[in-house]
Amino acid sequence: DLIRLADYQAPVFHVPRTSLDVALYDDYSRVTTTLELERRADADPAADYVFDGVELALCRLEVDGQPWPKAQYDYDGERLVIRGLPERCTLLTEVTIKPHLNTALEGLYMSRGMFCTQCEAEGFRRITFYPDRPDVLSRFVTTIRADKARFPLLLSNGNPVARGEEADGRHWVTWEDPHPKPSYLFALVAGDLACLEDQYQTGSGRTVSLQIYAEPRDLDKLDHAMRSLKAAMAWDERVYGLEYDLDIYMIVAVSHFNMGAMENKGLNIFNTACVLAHPATTTDAGFQRVESVVGHEYFHNWSGNRVTCRDWFQLSLKEGLTVFRDQCFSADMNSAAVKRVEDVDVLRAVQFPEDQGPMAHPVRPAAYQKIDNFYTVTIYEKGAELVRMQHELLGAERFRAGTDLYFRRFDGQAVTTDDFLDCMAEASGLDLQQFRRWYDQAGTPHLAVQGHIEQGDYVLTFRQWTPPTPGQPDKQPLMMPVRLALFGADGQRLPLPDGSTETVLVLTQEEQSFRFPLHGQKEAPVPSLLRGFSAPVELDYAFTTEQLHFLLAHDDDGYSRWDAAQRLYHAAVTRLLSVPGEAVRAAAEDEAAALAPALRQVLARADDDAAAAALLLTLPSEQALADRLPELDVDGVHRAREALRAAIGEQLSSLWWQAEQNNTLAGPYRPVAADIGRRSLRHCALAYLAAAGDARLAGHLTVLFQQADNMTDQLGALRLLVHYGLPGADEALDAFARQWHDEALVMDQWFTVQATVPGETTLSRVQALLAHEGFDWRVPNRVRAVLGALANANPTAFHAASGEGYRLYADALGRLDAVNPQVAARMANACARLPRLPEGRRALLGGALRGLLKVPRSANLTEVLERILASS
Ligand code: ARG
Ligand code: ZN
């Protein structure tokens, strides 16, 4: 059953007040809910009151204190329809549910002995009967009851207002949330947790108590999250003028979690992977993820909670905006140029392929079956790019005027992406009518650019088009900002007609030209196009190799330099693909020799920004390289890329060793941008030496592995030892498991390192990992560590010519679906490249996926599989 945006109808009734009483027991929970109901003035007086409720055992239904006659309601396991309710009334329902059997991790469930919830998008209906839709906002009062010894801590949204004891060693706490909210922001936690506490003074002088909860053993891993939270609170005041609005802000870390984290009002619930951080157990990437996710969930307090979504088609209203906000936060906390490249890299490596495949959908989809399947990179990351483009078009000041207007006008309301755009247009005076198309039109636009000299002017011609996507054959031109500079032969930016040396062209038509006077200069400049990746498009410009080297050497835009390097690498690998097997090595040496001067120059300048240098020196992933080919040639790409890496590794060997020495840090580990950058350059150098088969490396890595005082170095060394099958690899793996068997997040890495060893033989290793005593289908982090890693980061194993990878993966999806449909469906997305596979593999993967559908599967998994199979 397809749900359509066009069918949206306002709710029939309001729920001004919601009182929940949740009694937690070992093998069931009893939820008694009292709702004040009010028919909306404009609602059809004949319309029944409908409540969502999934797998609830209804024990009691009363209206205004009286049992409601059975003939006057129906419950079909998903929806409760109550007929004849008075316009205003109080509805009481009592249900029982089974959190201890809930492995889908939606609604109320258990994670390592504690109770917790995940309600977005539609989990609340698994807790009680409710109009479970984001445009019904209600004041919540929640009482939680549980055994006091095992669950001393009882948390919900808002402030605790009363507590007491009961018979049999039980206790209760009542929480009241003063801010009306939709049900998806409800949360409840019961457990025996340790807490890191701190305080934050808001700009207006209020004191907020900050509390981060985790299992007692993880108490020493909460400092970074606390630091990040305080930084995020200060940042939102400074950059957006937005303050926190409750007396308490709580974060709880849970081990079993489907996604990264959840912004429940005043009580965020986080995947442990996104909140715990300690130098010994967490990599640099992990530290940065914690900072960005803590920021993300905090920023939702305004962009999501105070102003929420009218319906789930508007999901990007809160997610796109909040990702944009968290990206800017991380950029301000670290290096902005590096952060931008990392974000663009993800967009192009994951979202562009989504756009090209069967799952392509607009940032505001028009229809869906399961909303869980639309928590995608398109909604999140492309959605963030749309907000970023508005920022680019308006400029920082007018953009801020737009967000001020948005938060003021819609505070306490559930609104749409159009409402957001209206504020941007109104505050800036710009006509953004055409810009709306970005929200409705799926697919990655192509922007073809040509430059030539005409009567002493340099003329740039832009032509845009968007390839068809499923259900959208015809596309319209989009409004897009193209940030641009022109470089003269001396490596300096040329003056532009507006007097600046960098400008933003606004494209609106299918084809447009712009003239730039050259003031007598004869030579065409080198264009630096789409600086900062000012629009999420595929730029087609026939750069010459010389121009790319020029940009890599002279461009002062971090993204643009990185893009030039990427283009050089893509071209080199593509040429190597057409070289016959025996000759690849020699050809790779020639390619490496051609690249070497530029790489040397990057290394020579690396001290200025080691992180940027590491990004410039790193080849695109195998997947990213394969995605640009007419057909997915995973083996060819692997061979070509490794040959090129080996040749670069050899030719620059002494420089790599030098980079390794220069970037070995003395002193204690610090997760600060400068140090993180130097570690990433160091590991980039080590990886080139590994590819080159450097004889001294195995011993060197073993020492690094054993002596590392931080997880970045330890894991980096382990990965290279294992992936290149170096002497000492097995011993290191064993030692790692002995050292960290008790640290789930570290063991996730141990599983991933093994699941990502290139080549078909890894499939039997993956089988063994799935049978390992530490593997657990109920823990999404562990499942992703093995199966997600295989499908997304190990193309030569996953796409093995035998089809073994596909069979293994399909089996796993089937098993997982019975445990956790949301995660199964999400992982099935890895098969969306099906139509791009060579014929033999396409048949094998298609067969494996069709086999899965021979028995009934969850609606989540079925939707994804059917969409993928429809494309083959
Ligand atoms: N709103 C959360 C976040 O982005 C994600 C919730 C995802 N829930 C889901 N069922 N997919 O921070
Ligand atoms: Zn979010």
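Being a predicted model, the structure only gives us computed values, none of them experimental.

Our next topic: the overall build of the chain. Regarding its fold elements, the chain presents 27 helices and 31 strands. Summarising its shape, the C-alpha atoms of the chain cover approximately 85 × 65 × 60 Å along the three principal directions. Considering the chain as a whole, with its 872 residues, one finds that 51% of them fall into the buried category. Summarising the internal contacts of the chain: among those between residues at least 6 apart in sequence, 70% fall at separations of at least 24.

The next point concerns the nonpolar core. Of all hydrophobic cores here, the largest spans 254 residues; its most connected members are Val189, Ala190, Val252, Leu644, Val786 and Leu813. Sort the elements by how many residues they give to this core and helix H16 (residues 673–691) lands first, with 10 residues. Not counting the four nearest positions on each side in its chain, Leu644 is found in contact with Ala572, Val573, Leu576, Ala588, Glu591, Ala592 and Leu619.

Every residue near ligand 1 is listed here: Glu120, Ala121, Met259, Ala261, Met262, Glu263, His296, Glu297, Glu319, Asp372 and Tyr375. If you list the elements that add at least two residues to the shell around ligand 1, you get strand S20 (261–262) and helix H2 (284–299). Split by residue class, the shell around ligand 1 holds 5 nonpolar, 1 polar and 5 charged.

Here Leu701 lies in helix H17 (residues 697–707). C-alpha of Leu701 to C-alpha of Gln714: the two residues are 13 residues apart in sequence and 9.0 Å apart in space. When sequence neighbours within four positions are dropped, the list of residues in contact with Leu701 reads Leu686, Ala717, Leu720, Leu721 and Leu726.

The sites that carry the UniProt feature "domain: Peptidase M1 membrane alanine aminopeptidase" (unreviewed entry) are, in the present numbering, residues 225–438. Taken end to end, residues 225–438 has its terminal C-alpha atoms 35 Å apart, with 56% of it in helix and 9% in strand.

Read from one edge of the open sheet, 4 strands run S29-S26-S25-S31, paired in mixed fashion. In this open sheet, the two edge strands, each paired with only one partner strand, are strand S29 (511–517) and strand S31 (538–541). Sheet twist, expressed as the average angle between the axes of neighbouring strands with direction ignored, equals 25 degrees.

To continue, consider the UniProt feature "domain: Peptidase M1 alanyl aminopeptidase Ig-like fold" (unreviewed entry) in the chain. The sites that carry the UniProt feature "domain: Peptidase M1 alanyl aminopeptidase Ig-like fold" (unreviewed entry) are, in the present numbering, residues 443–541. Taken end to end, residues 443–541 is 0% helix and 46% strand, and its first and last C-alpha atoms sit 19 Å apart.

Moving on, we get to helix H24 (residues 804–819). With 16 residues, H24 ought to run about 22 Å at 1.5 Å a step, and its terminal C-alpha atoms sit 23 Å apart, in line with that. Listed as buried for H24 are Gly805, Tyr806, Leu808, Tyr809, Ala810, Ala812, Leu813, Leu816 and Asp817. Taken together, the buried residues of H24 touch helix H21 (762–771), helix H22 (780–793), helix H23 (795–798), helix H25 (821–828), helix H26 (839–852) and helix H27 (859–870).

Time to look at unusual backbone geometry. Following Glu120, the chain continues to Ala121 via a peptide bond in cis, the omega torsion being 0 degrees. Inspection of the secondary structure puts Ala121 in the loop between strand S11 (114–118) and strand S12 (138–147). Phi at Arg112 is positive, roughly 45 degrees, even though this residue is not glycine. Within the secondary structure, Arg112 is located in the loop between strand S10 (107–111) and S11. With 13 C-beta atoms packed within 10 Å, Arg112 lands in the partly exposed category.

The subject of this paragraph is the environment of Pro620. Here Pro620 shows up in the loop between helix H12 (610–617) and helix H13 (622–627). For Pro620, a count of 21 C-beta atoms within 10 Å translates into the label buried. As for Pro620 and Gln566, which are separated by 54 residues in sequence, their C-alpha atoms are 6.7 Å apart. Ignoring sequence-local partners within four residues, the contact set of Pro620 consists of Gln566, Tyr569, His570 and Leu625.

Another aspect to go through is the packing of helix H6 (residues 396–410) against helix H7 (residues 417–428). Two numbers describe how H6 lies on H7: the axes approach to 8 Å, and their chain directions differ by 130 degrees. Relative to H7, H6 is oriented oblique. When you trace H6 past H7, the crossing you get is right-handed. Between H6 and H7, the contacting residues are Arg398, Ala401, Gly402, Leu405, Tyr406, Arg409 and Phe410 on the first element and Asp419, Phe420, Cys423, Met424, Glu426, Ala427 and Ser428 on the second. Here the contact of H6 with H7 is built from residues that sort into 8 nonpolar, 2 polar and 4 charged.

To continue, consider the sheet that holds S20. In spatial order, the strands read S17-S18-S19-S21-S20; together these 5 strands make up an open sheet with mixed pairing. Looking along the sheet, the strands with just one partner apiece sit at the ends: strand S17 (194–201) and S20. Sheet topology places S17 next to strand S18 (residues 207–214); 8 bridges connect them, and they run antiparallel. Along S18, the bridge assignment pairs Cys195 with Tyr213.

Attention shifts here to the confidence of the model for the chain. Summing up the model confidence of the chain, the mean pLDDT is 98 and the portion of residues at 70 or higher is 100%. Both scores are given for the predicted complex: the pTM is 0.99, the ipTM 0.97.

Definitions and limits used
Residues numbered from 1 in each chain as written. Chains lettered and ligands numbered in written order. Predicted model: local features only at pLDDT ≥ 70, side-chain atom pairs only at ≥ 80, totals over all residues. Helix = DSSP H or I, 4+ residues; strand = E, 2+ residues; numbered from the N terminus. Buried ≥ 20, exposed ≤ 12 C-beta atoms within 10 Å, placed from the backbone. Contact = placed C-beta atoms within 7 Å. Core = buried A, V, L, I, M, F, W, Y, C linked by C-beta atoms within 7 Å. Near = placed C-beta within 6 Å. Nonpolar A, V, L, I, M, F, W, Y, C, P; charged D, E, K, R; others polar. UniProt positions renumbered as here; feature names shortened; annotations may be inferred. Pairing = 2+ DSSP bridges. Axes fitted to C-alpha atoms, helices over the stretch in contact; angles between N-to-C directions. Expected span 1.5 Å × (residues − 1). Parallel < 35°, antiparallel > 145°, perpendicular 65-115°, else oblique. Left-handed = near helix turned anticlockwise from the far one by under 90°. pLDDT = per-residue confidence, 0-100.

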